[in-house]
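Summary of structural features
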Amino acid sequence: MTKVLGLMGSPRKGQHTDAMLQALLAGATATGAETEQVPVANLGIKPCQSCYACAKLGHCVIKDEMQAVYSKLAEADVIVLASPLYFFGLSAQLKALVDRCQVYWSRQNELKLPPLEPQKRRLGFFLASGGAPNKNGTNFDPAIAIAKVFFMALGVEYAGEMIIANTDKVRIADSPDELSKLQAKGRSLVEQVRA
């Protein structure tokens, strides 16, 4: 069965980022995929300590709830990173998770070890919401760059992003057109990875 993992980076349940991710996962579920949403803010994930143990041992030595996330990342066919825009970047909680994925980069580049995940086509997708208008079209660029590097480290093909700005004025949960697009994207991602 196709597994879709949603990493919800907002600490605000029921708000914009959560609504985006819920809609995308609903679309994936409609295809028969197994979906899971992980509320990252509820996990006790410590920040990377830059101890370089992963570059020597091939695994992270910090023992916390990130260990369970590594297992979920390994099993997922589609990984969705979802975050509100904080100072043009990811939420602190989600950034801590991303930084702890240094182990994947270290295994490939320092130790020349095989990936931790099965060798199959996997897709990564980024969802982001921002309160301010995106007038110059570049507000989300730093966050998108982080998402792309995160998926590259995991050996996951970047399948794009959906961003919604101006959420201080427009509530995503009350935007049927946006929710419909997100559901369609969830279906499309599952279809792509199955092709």
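To start, this report covers the structure provided alongside it. Each residue is numbered by its place in its chain's sequence as written, counting from 1. A pLDDT threshold of at least 70 governs which residues receive local features in this predicted model, and a stricter bar of 80 or more applies before side-chain atom pairs are shown or counted, although totals over entire chains, interfaces and linings include all residues. Derived side-chain values reflect all non-hydrogen atoms in the structure, with water molecules and hydrogen atoms excluded from consideration.

Side note on the pairing of strand β1 (residues 3-8)
Counting buried positions along β1 gives five out of six residues, so the element sits mostly inside the fold. In short, DSSP must find at least two bridges between two strands for them to pair. Under the scheme used here, helices are H or I runs from DSSP no shorter than 4 residues and strands are E runs no shorter than 2 residues, and both carry numbers assigned from the N terminus. Where β1 lies against strand β2 (residues 34-39), six bridges are found, and the strand directions are parallel. Directly across from V4, in β2, lies its bridge partner T35. If you view a crossover with the strands going away from you and the path from the first strand over the helix to the second runs clockwise, you call it right-handed. The handedness of the β1 to β2 crossover, carried by helix α1 (residues 16-29), is right-handed. Relative to strand β3 (residues 78-84), β1 runs parallel, the two being bridged by five bridges. In the sheet register, M8 faces β3, and the bridge partner there is A82. Classification of residues uses two cut-offs on accessible area relative to the type maximum, computed with a 1.4 Å probe and protein chains only: under 20% is buried, over 50% is exposed, and between them is partly exposed.

Some points on the sheet that holds β3
The strand order across the open sheet built from five strands is β2-β1-β3-β4-β5, with neighbouring strands paired in parallel fashion. Single-partner strands in this sheet number two, and they are β2 and β5 (157-164). Adjacent strand axes in the sheet meet at a mean angle of 15°, parallel and antiparallel pairs treated alike. In this description, contact between two residues means that some pair of their heavy atoms is separated by no more than 4.5 Å. Here an axis means a line fitted to C-alpha atoms, over the contact stretch when the element is a helix, while the angle between two N-to-C directions is reported on a 0 to 180 degree scale. Against the sheet, helix α3 (residues 66-75) contacts β1, β2 and β3, and its axis sits at roughly 140° relative to β1.

Some points on the packing of aromatic side chains
Each pair of aromatic rings taken from Phe, Tyr and Trp, with Trp reduced to its six-membered ring, is defined by centres within 6.5 Å and is described as stacked if the planes are under 30 degrees apart, edge-to-face if over 60, and tilted in the remaining cases. This model, assessed by the stated rule, comprises three aromatic pairs. Through a chain of ring-to-ring contacts, three or more aromatic side chains come together here, namely F150, F151 and Y158.

Considering the nonpolar core
Think of a nonpolar core as a cluster: buried Ala, Val, Leu, Ile, Met, Phe, Trp, Tyr and Cys residues, connected wherever their side-chain atoms sit within 4.5 Å. Residues L7, L73, L81 and F150 are the most contacted members of the largest nonpolar core, which totals 35 residues. Among the elements that line this core, the one with the most residues is helix α6 (residues 141-154), at seven residues. V78, L127, L179 and V190 belong to the second-largest nonpolar core, a separate cluster that totals 24 residues.

Brief notes about unusual backbone geometry
In the Ramachandran plot, F87 falls in the positive-phi region, its phi being about 50° despite a non-glycine side chain. Note that F87 resides in the loop between β3 and α4 (92-99). Residue F87 is classed as exposed on the basis of its relative accessible area of 88%. We note that F88 has phi near 70°; this positive angle belongs to a residue other than glycine. Summarising the element assignment, F88 is placed in the loop between β3 and α4. In this structure F88 comes out as partly exposed when scored by relative accessible area, which is 45%.

Considering the pattern of salt bridges
Within this document, salt bridges are pairs made up of a side-chain nitrogen of Lys or Arg and a carboxyl oxygen of Asp or Glu, the two lying within 4 Å of each other. With the rule as written, the count across this model stands at seven salt bridges. Residues D77 and K120 are paired through a salt bridge, measuring 2.8 Å at the closest nitrogen-oxygen approach. Of the two residues, D77 sits in the loop between α3 and β3 while K120 sits in the loop between α5 (102-109) and β4 (123-129), which places them 43 residues apart along the sequence. Note that K95 and D99 form a salt bridge whose closest N and O atoms lie 2.6 Å from each other. You can see K95 and its partner D99 sitting in helix α4, four residues apart, about one turn around the helix. Given a relative accessible area of 28%, K95 falls into the partly exposed group.

Things to note about the packing of α1 against helix α7 (residues 176-194)
Contact geometry for α1 and α7: axes closest at 6 Å, N-to-C directions at 45°. The angle between the axes of α1 and α7 places the two elements in the oblique class. Helix-helix and strand crossings are classified by hand; for α1 and α7 the assignment is right-handed. Contact residues: α1 offers A19, M20, A23, L24, G27 and A28, while α7 offers L179, L182, Q183, K185, G186, R187, L189 and V190. Our angle categories are set so that under 35 degrees counts as roughly parallel, over 145 as roughly antiparallel, 65 to 115 as roughly perpendicular, and the remainder as oblique. Two helices that cross are described as forming a left-handed crossing if the nearer one is turned anticlockwise from the farther one by less than a right angle, and a right-handed crossing if clockwise.

Function cannot be inferred from these measures alone, as they are strictly geometric.
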